[in-house]
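So the chains spell out like this:
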Amino acid sequence: MKNSIVTVLAISALVACKKSETTTIDHSADGTSTTAPAEPTTTPAESANMPGTKENINMMTDQDKKFAEAAAKGGMMEVMLGKIAEKNAANEQVKAFGKMMVEDHTKINDELKNWASKGSYKLPASLDASQQKKVDDLKMKKGMDFDKSYTELMISDHKMDIAEFKKEISSGTEASLKSFASAHLPTLEHHLTKAEEAKKALK
């Protein structure tokens, strides 16, 4: 009789262990199923901050608009002047600087155009009158005269560009534009250093 009671108790304990095991297994399976949706839940927040979305662009401030337009026109001018430098410069360092302007600002311009197209934002397609005058004036110069005028313009122009990019970083509200400004500020600072070096090489 005692043996049968012990046997019953042993079986009961064994069944209880097995139940707890299955519970544990089921619980871990449940755990994975509840953590799985964590990935998709981040997607809406990410998509809301995607660069150049129409919703974000519609909320742009005057500072954001002013920056986007200035960056577009400034970038166009840098490419135009860089192409002229490749032809009209006498100094090889100035020619190389002009080539760098064309390559770097073409990439930056394309990125800005891509941002605008995603949000159906219309960027300026031409320079303003003062910028066009600078381009026209430099077209007429060659050799050392060109080199001196071009490097001086690049120094003053990049100082102004750097100030505009820093202002957007600190005062802008459109996240993708602020990110664009932050990403390309070091490039502009590098251009300024190279422009100053090119000017020194003319002495």
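Everything discussed here concerns the structure shown above.
Heads up: these notes are all about the structure in this document. Each chain has its residues counted from 1, following the order in which its sequence is written. Only residues with pLDDT of at least 70 are given local features in this predicted model, and only at 80 or more are side-chain atom pairs given and counted; all residues enter the totals for whole chains, interfaces and linings. Side-chain measures here rest on the full set of heavy atoms in the structure, leaving out hydrogens and waters.

Turning our attention to the environment of Tyr150. A run of H or I in DSSP becomes a helix once it reaches four residues, and a run of E becomes a strand once it reaches two; helices and strands are each numbered from the N terminus. Checked against the element boundaries, Tyr150 lands in helix H7 (residues 143-171). For every residue, the accessible area (1.4 Å probe, protein chains only) is compared with the maximum for its type, and the residue is labelled buried under 20%, exposed over 50%, or partly exposed between those bounds. We classify Tyr150 as buried; its relative accessible area is 0%. Considered as a pair, Tyr150 and Leu138 are twelve residues apart in the sequence and their alpha carbons are 7.2 Å apart. Contacts between residues were defined by any pair of non-hydrogen atoms, one from each residue, lying within 4.5 Å. Here Tyr150 is in contact with Leu81, Gly82, Ala85, Val94, Phe97, Gly98, Met101 and Leu138, once residues within four sequence places are set aside.

What follows covers empty space enclosed by the protein. Cavity means a closed set of points on a 1 Å grid over the protein atoms alone, one where a 1.4 Å probe fits but cannot get out, pocket means an open set with protein on both sides within 12 Å along at least 5 of 7 lines, and lining means a residue has an atom within 4 Å of a point. Grid points are joined across faces, edges and corners, and a volume is the space filled by probe spheres set on the points. Under the counting rule described, the total for this entry stands at one cavity of 30 Å³ or more. Elements supplying a minimum of two residues to the lining of the largest cavity: helix H4 (62-88), helix H5 (92-118), H7 and helix H8 (175-200). It is H4 that contributes the most residues to the lining of the largest cavity, four residues altogether.

A few words on the pattern of salt bridges. In the sections that follow, a salt bridge refers to a side-chain nitrogen of Lys or Arg positioned within 4 Å of a carboxyl oxygen of Asp or Glu. The full count for this structure, using the stated rule, is four salt bridges. A salt bridge links Asp128 to Lys73; its shortest N-O distance comes to 3.8 Å. Taken together, the positions of Asp128 in the loop between H5 and helix H6 (129-139) and Lys73 in helix H4 put the pair 55 residues apart, joining distant regions of the chain. Between Lys133 and Asp137 there is a salt bridge whose closest N-O contact spans 3.1 Å. One end of the pair, Lys133, and the other, Asp137, are both in helix H6, four residues apart, so they sit about a helical turn from each other. Assessed through its relative accessible area of 38%, Asp137 is described here as partly exposed.

Moving on: unusual backbone geometry. Notably, Ser120 is not glycine yet its phi reads approximately 55°, a positive angle. On the basis of relative accessibility, which here comes to 55%, the residue Ser120 falls in the exposed class.

Interaxial angles span 0 to 180 degrees and are taken between N-to-C directions of axes, which are lines fitted to C-alpha atoms, for helices over the stretch in contact. Orientation of H7 relative to H8, taken along the N-to-C sense of each, is 160°, at an axis distance of 9 Å. Of the possible angle classes, the one that applies to H7 and H8 is roughly antiparallel. Note on packing geometry: the crossing formed by H7 with H8 is left-handed. Its residues assigned to classes, the contact of H7 with H8 shows 13 nonpolar, six polar and nine charged. Note that the term roughly parallel is reserved for angles under 35 degrees, roughly antiparallel for angles over 145, roughly perpendicular for angles of 65 to 115, and oblique for everything else. Crossings are assigned a handedness: left-handed for a near helix turned anticlockwise from the far helix by less than a right angle, right-handed for a clockwise turn. Side-chain classes are defined by residue name, with Ala, Val, Leu, Ile, Met, Phe, Trp, Tyr, Cys and Pro counting as nonpolar, Asp, Glu, Lys and Arg as charged, and the others, Gly among them, as polar.

A few words now on a positive patch on the surface. Residues qualify for a patch when their relative accessible area is over 30% and they have no salt bridge, like charges being joined within 9 Å and the nonpolar side chains of Val, Leu, Ile, Met, Phe, Trp and Tyr within 5 Å. Each accessible area is a Shrake-Rupley estimate made with a 1.4 Å probe; only the visible protein chains count as cover when residues are assessed. For the purpose of counting charges, residues Lys and Arg are taken to be positive, whereas Asp and Glu are taken to be negative. His and the chain ends are not included. Every charge is mapped onto a representative atom, which is NZ of Lys, CZ of Arg, CG of Asp or CD of Glu. A surface patch of positive charge is lined by Lys159, Lys199, Lys200 and Lys203. Tracing the backbone through its elements, the reader meets Lys200 in helix H8. The exposure class of Lys200 is exposed, given its relative accessible area of 63%.

Residues Leu81, Leu112, Trp115, Leu123, Tyr150, Met154 and Phe165 are the most contacted members of the largest nonpolar core, which totals 40 residues. Mapped by element, the contributors of at least two residues to this core are H4, H5, H6, H7 and H8. A per-element tally of this core places H4 first, with nine residues. The term nonpolar core refers to a set of buried residues drawn from Ala, Val, Leu, Ile, Met, Phe, Trp, Tyr and Cys, joined through side-chain atoms within 4.5 Å.

Another point: the side chain of Asp157. For Asp157, the position within the fold is in helix H7. Despite being buried, Asp157 has no salt bridge partner; Lys134 is the closest side chain of opposite charge, sitting 4.7 Å away.

As a further point, take the packing of H5 against H8. Contact geometry for H5 and H8: axes closest at 11 Å, N-to-C directions at 170°. Of the possible angle classes, the one that applies to H5 and H8 is roughly antiparallel. Contacts between H5 and H8 involve Gln93, Val94, Phe97, Met100, Met101, Asp104, His105, Ile108, Glu111, Leu112 and Trp115 from the former and Ser176, Leu177, Phe180, His184, Thr187, Leu188, His190, His191, Lys194, Ala195, Glu197 and Ala198 from the latter. Tallied by class, residues from the contact of H5 with H8 come to twelve nonpolar, seven polar and four charged.

Before going further, it helps to examine the environment of Phe146. In this structure, Phe146 sits in helix H7. Residues Phe146 and Val94, spaced 52 residues apart in sequence, show a C-alpha to C-alpha distance of 9.6 Å.

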